[in-house]
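Overview (structure and organization)
Given next are the chains, with one letter for each unit.
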Amino acid sequence: MSRIRRVMLVQPESPGGNFEYVVIPRQGLLFLSGALQQSEGPYLYERELHFEDRSGKLDIEKDLYGVDVLMISALINEAPRAYEIGRLAKQNYPNIITIGGGPHMTPLAEEAIREGKFDVIVLREGEDIIAQLTDVLLTYKDADLIKELHKIPGISFMEGNHLVETPRRGLISPDFVPLPDFYSIRDLTPSKPLMGGVLETVRGCTEKCTYCQVIQQFLGYRMISRETELARLTQLQKMAEDGLISTNRDNRFSVFVSDDLHPPPLRAVKFRNERLERIKNWKGYTDDMYLICQSRPEIGQDPELSEALRDINMEMLYVGVESDDAKNLEYVKKRQDPGQVFKDLISLNNMGFSVVAMTIIGLPHDTEKSIMEMAARITTVSKYQTANWLTPLPATSNWDDLVPLNANGEILKKDEMRPYHLYTGRQFVHHDERWSMKESRKLFDLYQSKLNPVDTLYSRLFRISERYRKMSNATDLSAGKEVSCKNQNLGDAKKVVASALLEKDVEITYEKSTLTKSLGHTNTTTINLLSKI
């Protein structure tokens, strides 16, 4: 009997509000696919990643034919579509195994299982358990399956009418999977490349801002190894050379560095010094890249770190301004002074960075007047801006503290589902005496009309991506498949990356990770850099 099993990993369509997530792939599924590829269990996993914003809506009947396992990860506003895919998958293929996860389903596992008909929800990160979990789901049935699931840490499932949540001890190494599996992305070819690369260098955050899910989804602040950083940079360079990442006329391409704080706060001296030394090592790896990362404004006070970033082609910084009111910042536990923030932004502009100021409106001390005044001020010290209403997210204090609204803007009834498709940051989704849902939409539009939204840039890239998709669909599909298959091989990519690094005197050694055997019960930082090939 064949050991091969087919796995489909799906990122549902976004209802809007995060265009950067549309034009570049989020990384969770890429690492899960990589974990399946490096598994040494009883099955060989043939993987395909379907990003609906890139490849169109999943055709349940057609695309899931012959698929053994379906995995879905979603943000809050993608949850309705995620649940729909899960339900339809079970309706059309009752024997298909379905696994959910991500920052929305992790704290709302019971809802996800009920609404999406998932067999199991993976809690927080899951690279170290995903292969073993999938092996178990494919091997066991009924009571034997329940018994085995109890042995796997960091998952939720139903045992009769009771939700089981297995505990997890320790933290996974952030580079347990050294290279993300871009090569299994559906229809990734030179005729339909990624609009930019994405590079994870760190997981977690040093801060405790109350509105943010990161500190709940990714515990601690964990840097990947120096060698893994260089391996991932080399992987992206090779992908661009192969035409799998779009380049400009000068053969430069954009790379989004992490979603978390790439350069840590200055007060985190150990992390700051380590980041500076790593930046120096990036010279020669990023010559053709246009780097973008998220940062705190205070690196404007650190010319040594800032100049080092500019020296490796760090061009754009997403800076968490949030508010220009000190009381608002105190409310969300954002440790920064508004006056100093604006001085730092001026410094960053003078250093040549393109600054994207991230703002939150609707905080307790905001008024319409103060919101519009912030728009006037923030546009003088940043090239682009982002805007979001304060939005309650699962696992944050706002989720329980703020009274939710339904889709009509009325107080949510006890048995009603929250209107997740409206959780885009473009309107209030909770009760507030100052503005109704409808009034908040109008104020958002007014506020954004005074900004230069970075979403405008990404929407343009999205339109370019759509043109690629339509052109690709109109071309010879057999030729496209040949190119795609040639490039979609993570094992071969690891060999190419290792060889390229050796030419720069960076040696990749194989070390078996104890994480594979421990199923997550570990505090070790040992990594499996490149699988033995």
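Remarks on the packing of aromatic side chains
Given two aromatic rings, one states the distance between the centres and the angle between the planes to describe the pair. Applying the stated rule across the entire model yields 7 aromatic pairs. Seen from their ring centres, Tyr43 and Tyr45 are 6.2 Å apart, and the 45° between their planes marks the pair as tilted. On the accessibility criterion, Tyr43 (12% relative accessible area) is buried. Centroid distance Trp389 to Phe428: 4.5 Å. Interplanar angle 40°. Geometry classified as tilted. Linking Trp389 in strand 15 (residues 384-389) with Phe428 in the loop between helix 16 (397-401) and helix 17 (437-449), this pair joins segments that are 39 residues apart in sequence.

Some remarks on the pairing of strand 4 (residues 97-101)
Taking burial as the measure, the 5 residues of strand 4 include 5 buried ones, the bulk of the element. The side-chain alternation of strand 4 yields two buried faces, one formed by Ile97, Ile99 and Gly101 and the other by Thr98 and Gly100. Bridge analysis of strand 3 (residues 69-73) against strand 4 gives 5 bridges, and the strand direction is parallel. Its bridge partner lying in strand 4, Ile72 is registered against Gly100. In this fold, the crossover linking strand 3 to strand 4 by way of helix 5 (residues 79-92) has right-handed handedness. In this view, the connection linking strand 4 to its parallel neighbour strand 5 (residues 120-122) by way of helix 6 (residues 109-116) has right-handed handedness.

Remarks on the pattern of salt bridges
Considering all chains together, one arrives at 38 salt bridges under this definition. For Glu148, the salt bridge identified is with Lys151, shortest N-O distance 3.1 Å. Residue class for Glu148 comes out buried when judged on its relative accessible area of 16%. Exposure remark for Lys151: the relative accessible area of 47% places this residue in the partly exposed category. A salt bridge links Lys283 to Asp311; the shortest N-O distance between them is 3.7 Å. In this pair, Lys283 is assigned in the loop between helix 11 (269-281) and strand 12 (289-295) and Asp311 in helix 12 (residues 303-311), connecting sequence segments 28 residues apart. Lys283 gets classed as partly exposed once you look at its relative accessible area, which sits at 43%. For Asp311, a relative accessible area of 47% corresponds to the partly exposed category. Salt bridges linked by common partners bring Glu125, Glu127, Glu200, Arg203 and Arg222 together as one network.

Notes on the sheet that holds strand 5
Taken together, the 7 strands give an open sheet; going across it, the order is 2-1-3-4-5-6-7, and neighbouring strands pair in mixed fashion. Looking at the sheet topology across the chains shown, the edges are occupied by strand 2 (44-51) and strand 7 (162-165). Taken over all neighbouring pairs, the strand axes of this sheet differ in orientation by 25° on average, direction set aside. As paired elements, strand 1 (residues 4-11) and strand 3 share 4 bridges and run parallel to each other. Of the residues in strand 3, the one forming a bridge with Val7 is Val69.

A few points about the packing of helix 5 against helix 6
The interhelical angle for the contact between helix 5 and helix 6, taken along N-to-C directions, is 50°, at an axis separation of 8 Å. On the basis of their axis angle, the class for helix 5 and helix 6 is oblique. In this structure, helix 5 contributes Tyr83, Gly86 and Arg87 to the contact, and helix 6 contributes Glu111, Ala112, Glu115 and Gly116. In terms of residue class, the contact of helix 5 with helix 6 is made up of 2 nonpolar, 2 polar and 3 charged.

Digging into the state of the cysteines
This model, assessed by the stated rule, comprises 0 disulfides. Cys212 takes part in no disulfide bond, and the closest cysteine sulfur to it belongs to Cys205, at a distance of 6.5 Å. A residue is classified by how much of its surface remains accessible, and Cys212, at 25% relative accessible area, is partly exposed.

Re the confidence of the model for the protein
Looking at the protein, pLDDT values average 89 and 88% of them are 70 or higher. Low pLDDT, under 50, characterises residues 476-487; the stretch is placed with 9 contacts to residues that sit more than four places away or in other chains. Across residues 512-533 the pLDDT falls below 50, and counting only partners more than four positions away or on other chains, this stretch makes 70 contacts in the model.

A few points about helix 17
When the terminal C-alpha atoms of helix 17 are compared, their 18 Å separation across 13 residues agrees well with the 18 Å that a helix rising 1.5 Å per residue should span. Residues of helix 17 that are buried: Met437, Ser440, Leu443, Phe444, Tyr447 and Gln448. Seen from one end, helix 17 has its buried residues packed into an arc of 130°, which puts them on one side. Looking at helix 17, the residues exposed on the side facing more than 90 degrees away from the buried face are Lys438, Lys442, Asp445 and Ser449. For helix 17, the elements touching its buried residues are strand 14 (354-361), helix 15 (368-378) and strand 15.

Topic: the environment of Met289
Within the fold, Met289 resides in strand 12. A C-alpha to C-alpha distance of 9.3 Å links Met289 and Leu236, two positions 53 residues apart in sequence. Sequence-distant contacts of Met289, defined by excluding residues within four places in its chain, comprise Leu233, Leu236, Gln237, Arg252, Phe253, Val255 and Asn313.

Some points on helix 11
If you check helix 11, its first and last C-alpha atoms are 19 Å apart, about what 13 residues at 1.5 Å a residue would give, namely 18 Å. Looking at helix 11, one finds that the buried residues are Arg272, Arg275, Leu276, Arg278 and Ile279. Seen from one end, helix 11 has its buried residues packed into an arc of 165°, which puts them on one side. Contact partners of the buried residues in helix 11: strand 10 (221-223), helix 10 (226-241) and helix 12.

With respect to the environment of Gly243
Secondary-structure assignment places Gly243 in the loop between helix 10 and strand 11 (253-261). Separated by 55 residues in sequence, Gly243 and Leu188 have C-alpha atoms that sit 9.6 Å apart. Discounting chain neighbours no more than four positions away, the residues touching Gly243 are Thr189, Pro190 and Pro193.

So, the packing of helix 2 (residues 28-37) against helix 7 (residues 127-139)
Where helix 2 contacts helix 7, the axes come no closer than 8 Å and their chain directions differ by 55°. When the interaxial angle is binned, helix 2 and helix 7 end up oblique. Here the hand of the crossing between helix 2 and helix 7 comes out right-handed. Contact residues: Phe31, Leu32, Ala35 and Leu36 in helix 2; Glu127, Ile130, Ala131 and Thr134 in helix 7. For the contact of helix 2 with helix 7, the per-class residue count stands at 6 nonpolar, 1 polar and 1 charged.

Conventions used here
- Residues numbered from 1 in each chain as written.
- Predicted model: local features only at pLDDT ≥ 70, side-chain atom pairs only at ≥ 80, totals over all residues.
- Heavy atoms only, no water.
- Phe/Tyr/Trp six-rings, centres within 6.5 Å; stacked < 30°, edge-to-face > 60°.
- Buried < 20%, exposed > 50% of the residue type's maximum accessible area, 1.4 Å probe, protein only.
- Helix = DSSP H or I, 4+ residues; strand = E, 2+ residues; numbered from the N terminus.
- Pairing = 2+ DSSP bridges.
- Right-handed = clockwise from strand over helix to strand, strands pointing away.
- Salt bridge = Lys/Arg side-chain N within 4 Å of Asp/Glu carboxyl O.
- Axes fitted to C-alpha atoms, helices over the stretch in contact; angles between N-to-C directions.
- Parallel < 35°, antiparallel > 145°, perpendicular 65-115°, else oblique.
- Contact = heavy atoms within 4.5 Å.
- Nonpolar A, V, L, I, M, F, W, Y, C, P; charged D, E, K, R; others polar.
- Disulfide = S-S within 2.5 Å.
- pLDDT = per-residue confidence, 0-100.
- Expected span 1.5 Å × (residues − 1).
- Arc of directions from axis to C-beta.
- Left-handed = near helix turned anticlockwise from the far one by under 90°.

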